[in-house]
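Structure assessment
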Amino acid sequence: MDLIPAPRAVQGPGHSAFSLVTDTQLVAAPGTETTERWLRSTVGVALGLPLPPGEAGAANAVTLRIDDALAPEAYRLDVSGRGVEILGGSAAGVFWGAQTLRQLLGSDAFRKAPVRARAAYEIAYRTVEDSPRFGWRGLMLDVSRHFMPKDGVLRYLDLLAAHKLNVFHFHLTDDQGWRIEIERHPKLTEVGAWRARSRWGYRTSGLWNETPHGGYYTQDDIREIVAYAAERHITVVPEIEIPGHSQAVIAAYPELGNTDVVDTAALTVWDTWGINPNILAPTEEVLRFYEGVFEEVLDLFPSTFIHVGGDEAPKDQWKASPTAQARIKELGLADEDELQSWFIRHFDQWLAERGRRLIGWDEILEGGLAPGATVSSWRGYEGGIAAAEAGHDVVMCPHTQVYLDYRQADGDEEPMPIAYVRTLEDVYRFEPVPPQLSPEAAAHVIGVQANVWTEVMENQARVDYQTFPRLAAFAEVAWSDLPASAERDYADFDRRMGAHYGRLDALGVDYRAPGGPLPWQKRPAPENFKGSLGRPIEGAPPNV
Ligand code: ACM
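Read on for an overview of the structure. (Residues numbered from 1 in each chain as written. Predicted model: local features only at pLDDT ≥ 70, side-chain atom pairs only at ≥ 80, totals over all residues. Heavy atoms only, no water.)

Right, let's talk about the side chain of Thr35 for a bit. Here Thr35 lies in helix H1 (residues 33-47). Here the side chain of Thr35 touches Phe95 through a polar contact of 3.3 Å, landing on its backbone nitrogen. Discounting residues that sit within four places of it in the chain, Thr35 has contacts with Leu64, Ala91, Val94, Phe95 and Ala98. (Helix = DSSP H or I, 4+ residues; strand = E, 2+ residues; numbered from the N terminus. Polar contact = N/O pair within 3.5 Å; in protein donor to acceptor, adjacent residues only side chain to side chain. Contact = heavy atoms within 4.5 Å.)

Below, the structure written as structure tokens:
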């Protein structure tokens, strides 16, 4: 069967097959309850198989068990005349084995209800032995530029699980909207979660969508999302941006901005895209405000890693601000880059004191990296290389490979062709560990991540279109033991995608079909638009 991501080793298929039928039992040993619930409520419901509980040793059963001899996320799936046995090194390993079982059962197993009356689902005898290459297999979703309602987030967690991805990096704050309820600072969502209008398309398009946009997750919504993710062995890593990408915060609480150089009381939540000049003031009051924010964030998110952003923070306001300049002197710092590092170091230590770890975008290297920091290397590999060589952990997510908002093809057919072309094959050939790293430094590459920025994705269909099918290629890079980039068998991956498109269809994913978008995936043009939205804007710089 055409598994994605490809497993490490398969023996079989044999000539005979085991059949799952109405009275096939589900035998779940202690510690495997998440997979037991998931199999019954997902695969069982899709196929009309009740999977009643059974006793250990039962024949005609799916048996789940933890085997300490396996690595934590490893699993062994054995299909034989006795039934299906899934052994995992931990509860997570068992769960990943169940994801493989679902793929072996065929695309109907990806639906929400049975679509045909079938008495039996056959799986040919085989053994799959599998374990992931990386411990951090992430997707970042930007819910600030366009809010994704909670149901959509839960759906994405299911899509991550189906691809054996285990980190959901939740980009919750940015200039265009603050998306998480913070009880002690209610204006963050009363004011900061709403904008009056939005730029339509590119930041240089000159067009506006005049419909107000916004939304946020209540703390109970967040608890639900975190719990739903945990049931799927996914860690939710929240991102709260400091000190840049802060216009929405400053619109809500103008005193947090550089009031000596900007009329911050006049700011509104930003309605267009690009790099924003508004940066938090480097004051004790701002530190206390964000400590309050992070206290609530830590209560909601059990993740060890907490992302603090740190990217694209222009220093012009700090250069002009007498308060910021006095702060630089008082702290004995060389310049504004070191002032940003001071900001980040404060929260590195603050998080460490609470048993957590700080992660930030690679700009946090610029004024000196905080001692405990982990780096999301997005501007290419360089930041990740520097951090890994200095003994810091790194998550590789270079925009050159895994920014899934970038266009999938040249020409007029793409609905919103921003940046440059990253094809399915480009993503498949992403090599997360630069060959020049020593084995010691390479061990600091703890994982990989694909990033989905949503400036031009105003609804879920558009997020699907940009994310799929490329997330499937990314998942194989993150999980599978692939050879070096140039030696990868893309033709084989492409062939296996044949089966995977059937699964994505059954899941209702609006992926970009091979060969181009379907008619209904074309972007509807607003009334005031005079040209084709499928065409790059004349004279626009790349990556707008
Ligand atoms: C980023 O893409 N600004 C992290």
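Along the chain, Ala486 turns up in the loop between helix H16 (470-479) and helix H17 (490-507). With a relative accessible area of 70%, Ala486 lands in the exposed category. Linking Ala486 and Arg429, residues 57 residues apart in sequence, is a C-alpha distance of 7.1 Å. (Buried < 20%, exposed > 50% of the residue type's maximum accessible area, 1.4 Å probe, protein only.)

For the structure shown, the criterion picks out 25 aromatic pairs. Geometrically, the ring pair formed by Trp318 and Phe343 is stacked, given 6.3 Å between the ring centres and 15° between the ring planes. Note that Trp318 is positioned in helix H8 (residues 316-320) and Phe343 in helix H10 (residues 336-353), a separation of 25 residues in sequence. Both residues of the pair, Trp318 and Phe343, belong to the buried class. (Phe/Tyr/Trp six-rings, centres within 6.5 Å; stacked < 30°, edge-to-face > 60°.)

Attention shifts here to the pairing of strand S5 (residues 75-80). Burial of S5 is extensive: 5 of the 6 residues sit out of reach of the surface. Hairpin remark: S5 followed by strand S6 (residues 83-88), antiparallel, with 2 residues in the connecting loop. (Pairing = 2+ DSSP bridges.)

Right, let's talk about H1 for a bit. With 15 residues, H1 ought to run about 21 Å at 1.5 Å a step, and its terminal C-alpha atoms sit 20 Å apart, in line with that. Along its length, H1 reaches its greatest deviation from straightness, about 30°, at Leu39. Turning to H1, its buried residues number three or more, namely Thr34, Thr35, Glu36, Trp38, Leu39, Thr42, Val43, Gly44, Ala46 and Leu47. The inward-facing, buried residues of H1 contact strand S3 (25-28), strand S4 (61-66), helix H2 (91-104), strand S7 (120-124) and helix H5 (219-231). Following H1 by one or two positions, Gly48 has its phi on the positive side, about 75°. (Expected span 1.5 Å × (residues − 1). Bend = angle between axes of the 7 residues up to and from the residue.)

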